[in-house]
Amino acid sequence: MADFNVFETAISALNANAKALSVASQNIANANTPGYSRQRVVIQSNESQIVGGIEIGRGASVTSVERVVDNFAELRLRDTSSTQSESKVTSDSIAQAGTLFNELSSDGLSTYLSNFFSSFQDVANDPQASGARQDLLSKASIMVDRFHSLSQGLKDIRTSLDTQIKDNVDKINTLAQDIYKLNQKINDAPDALTLKDERNAKVQELSGLTDVSTVENGSGTFQVYIANGMLLVNDTGTATLSTLPNAGNAGLSDINFTPSPGAASTNISSRFQTGAIKGLMDVRDTNIPAYQSNLDELAYRLSGAVNTLHTTGYDLDGNHNQRFFTNLASSTDAAASIALDPVVDGHPRAIAASGSSGGVPGGNDMALQLSALSSSNVAFGSGSTTFGAFYGNLLAQVGSDGKSAQSNAQFSDDVFQQAQAQRDQISGVSMDEEQTNLLKYQAAFQAASRLVSIASTLFDTLINLGK
């Protein structure tokens, strides 16, 4: 029996080490495959047998091939991915606003505000000069256009962010379907390690868009939750996300969640905790509207202050009570609506430079008062300050938000890279380790081959002895 046991043991060693070599080869082949989890072969000694009261071994066999995965490391990677994506889109989006409010060049609003008020001083220096009056109207038009372009630029940023939100909602729906299909395949083949890696990669991609949590069922399938506990994927299907315009938010999109076909939908716009969608919605609905509100208030207070004085003055023809800007009923959308009054627009003589009818045509006291508005304190919602200082505070807020977002993005990226390194240290492929395994399994395979040869010789010898 010994020869047969030797032969059986040798064959089992050949099979076990051949499978181990195959696993090591698979690891090496996928060393640079994103999301691949290192595989580990589990070899156990076969149950021995008792012969003549002596325990005789029967070799070894591969009982399983496992993915080397640490659930905590995977969870941390998902969480940090969500935070990283949120911070990055926040930083990038606010940076767009920072570029819009570029005051490093000569075409910034602060320059146009200064030029506008300085032009009133030029009119005061020679109230009857048509050139100075025409230059004032030109500077006023340039300033108005800058208000318009800034307002439209902020609206364009919000529209762009809204488009990105819609695109990401579509991505979530696609990923949900992909994860569900992979769940079905894994349910049919629980040991499909490659499918589990692929599913993990999809969940990881999903975590960049929104906060994600998963619950693994006994069959190895995942239930996937997003947006603070909304069940996106289960064993029977997927929920669906959709976008609908919100009339109360400039027609921009809300996100609705429909758990199953025909079921009632729920607005989950406020439920996103982290991820790219959270960052996009925060900038779209908080940061940009705040900048827009301040810009609108500046336009509203400016037009109101200028009109208040201008209507008390007299133009070159002795006309009185004429506005310089069109009347703005409120600050809502004021930056987009501010415009020269038709009475003044294109009519330099209609500029009220004199403070009294008797001062016409050489009076300049009203032009001086209008010029002095540049350094006068005006009542804003946040307190009394000058137009230039108020706009400076807006620029400072945009800059501060941008720096803070950039700092958060850098920190979040560092944390994500650490989590990625931790995951790779556990689940990634080490070429040094795999090469060592190759040598180890190769040596064992060669030894088992030698053992087969020896067992074969013993077997032949026993047969020959019986002849």
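This text follows the structure it describes.
Residues numbered from 1 in each chain as written. Predicted model: local features only at pLDDT ≥ 70, side-chain atom pairs only at ≥ 80, totals over all residues. Heavy atoms only, no water.

1. A closer look at the overall build of the chain
Logical step 1: Broken down by element type, the chain carries ten helices and twelve strands.
Logical step 2: Taken over the C-alpha trace, the chain has a radius of gyration of 38 Å; the compact-globule value for 467 residues is 23 Å, which it surpasses by more than 25%.
Logical step 3: Dimensions of the chain along its principal axes, counting C-alpha atoms only, are 145 × 50 × 30 Å.
Logical step 4: The burial tally for the chain puts 42% of its 467 residues in the buried class.
Logical step 5: Sequence-distant contacts in the chain: of pairs separated by 6 or more residues, those separated by 24 or more amount to 67%.
Logical step 6: By element, 50% of the accessible surface of the chain is carried by carbon and sulfur atoms, the whole surface being about 22,200 Å².
Logical step 7: In the chain, the 31 positive side-chain charges and the 48 negative ones have mean positions that sit 5 Å from each other. (Helix = DSSP H or I, 4+ residues; strand = E, 2+ residues; numbered from the N terminus. Rg over C-alpha atoms; globule rule 2.2 N^0.38 Å. Buried < 20%, exposed > 50% of the residue type's maximum accessible area, 1.4 Å probe, protein only. Contact = heavy atoms within 4.5 Å. Areas by Shrake-Rupley, 256 points an atom, 1.4 Å probe, with all protein chains shown as cover. Lys, Arg positive; Asp, Glu negative; His and termini not counted. Charge placed at Lys NZ, Arg CZ, Asp CG, Glu CD.)

2. A look at the packing of helix H3 (residues 109-125) against helix H8 (residues 365-372)
Logical step 1: Between H3 and H8, the shortest axis-to-axis distance is 8 Å and the interhelical angle comes to 160°. Here H3 is positioned roughly antiparallel relative to H8, judged by the angle of their axes. Considering the relative orientation of H3 and H8, their crossing is left-handed. Side by side, H3 and H8 meet where Phe117, Phe120, Gln121, Val123 and Ala124 of the first sit next to Ala367, Leu368, Leu370 and Ser371 of the second.
Logical step 2: Counted by class, the contact of H3 with H8 contains seven nonpolar, two polar and no charged residues. (Axes fitted to C-alpha atoms, helices over the stretch in contact; angles between N-to-C directions. Parallel < 35°, antiparallel > 145°, perpendicular 65-115°, else oblique. Left-handed = near helix turned anticlockwise from the far one by under 90°. Nonpolar A, V, L, I, M, F, W, Y, C, P; charged D, E, K, R; others polar.)

3. Observations regarding the sheet that holds strand E7 (residues 230-233)
Logical step 1: Read from one edge of the open sheet, three strands run E5-E6-E7, paired in antiparallel fashion. If you trace the sheet from one side to the other, it starts and ends with strand E5 (212-216) and E7, each paired once. Put simply, the sheet's adjacent strands are angled 35° from each other on average, direction ignored.
Logical step 2: Bridge analysis of E5 against strand E6 (residues 222-226) gives five bridges, and the strand direction is antiparallel. Residue pairing in the sheet places valine 212 in a bridge with isoleucine 226 of E6.
Logical step 3: Each of E6 and E7 is contacted by helix H4 (residues 130-188), which is oriented at about 65° to E7, the strand it contacts most.
Logical step 4: The sheet contacts of helix H5 (residues 193-207) involve E5, E6 and E7, and relative to E6 the element is tilted by about 5°. (Pairing = 2+ DSSP bridges.)

4. Topic: the nonpolar core
Logical step 1: Ranked by internal contacts, the top residues of the largest apolar core, which has 84 residues, are Phe116, Phe147, Leu241 and Phe324.
Logical step 2: For this core, the leading source of residues is H4, giving 18 residues.
Logical step 3: In this structure leucine 241 touches Val169, Ile172, Asn173, Ile226, Leu232, Ile255, Asn256, Phe257, Ile268 and Phe272, once residues within four positions along its chain are discounted.
Logical step 4: Core analysis: the second largest hydrophobic core is formed by six residues, Ala20, Val23, Val41 and Val62 among them. (Core = buried A, V, L, I, M, F, W, Y, C linked by side-chain atoms within 4.5 Å.)

5. Focus: the packing of aromatic side chains
Logical step 1: Per the counting criterion, the structure on display carries ten aromatic pairs.
Logical step 2: Between phenylalanine 116 and phenylalanine 325, the aromatic rings sit 5.9 Å apart at their centres with planes inclined by 50°, giving tilted as the arrangement. Taken together, the residues span a long stretch of sequence, with phenylalanine 116 in helix H3 and phenylalanine 325 in the loop between helix H6 (276-310) and helix H7 (334-337) at a distance of 209 residues. Here the two residues phenylalanine 116 and phenylalanine 325 agree in accessibility, since each one is buried.
Logical step 3: Considering the side-chain rings of phenylalanine 380 and phenylalanine 387, the 6.1 Å spacing of their centres and the 85° angle between planes classify their relative orientation as edge-to-face.
Logical step 4: By relative accessible area, phenylalanine 380 is classed as buried at 6%.
Logical step 5: Ring pairing ties together the aromatic residues Phe116, Phe117, Phe120, Phe324, Phe325, Phe380, Phe387 and Phe390, which thus form one cluster.
Logical step 6: For the cation-ring pair, arginine 199 lies above phenylalanine 222, with the distance from its terminal atom to the ring centre recorded as 3.7 Å. (Phe/Tyr/Trp six-rings, centres within 6.5 Å; stacked < 30°, edge-to-face > 60°. Lys NZ or Arg CZ within 6 Å of the ring centre and 35° of its normal.)

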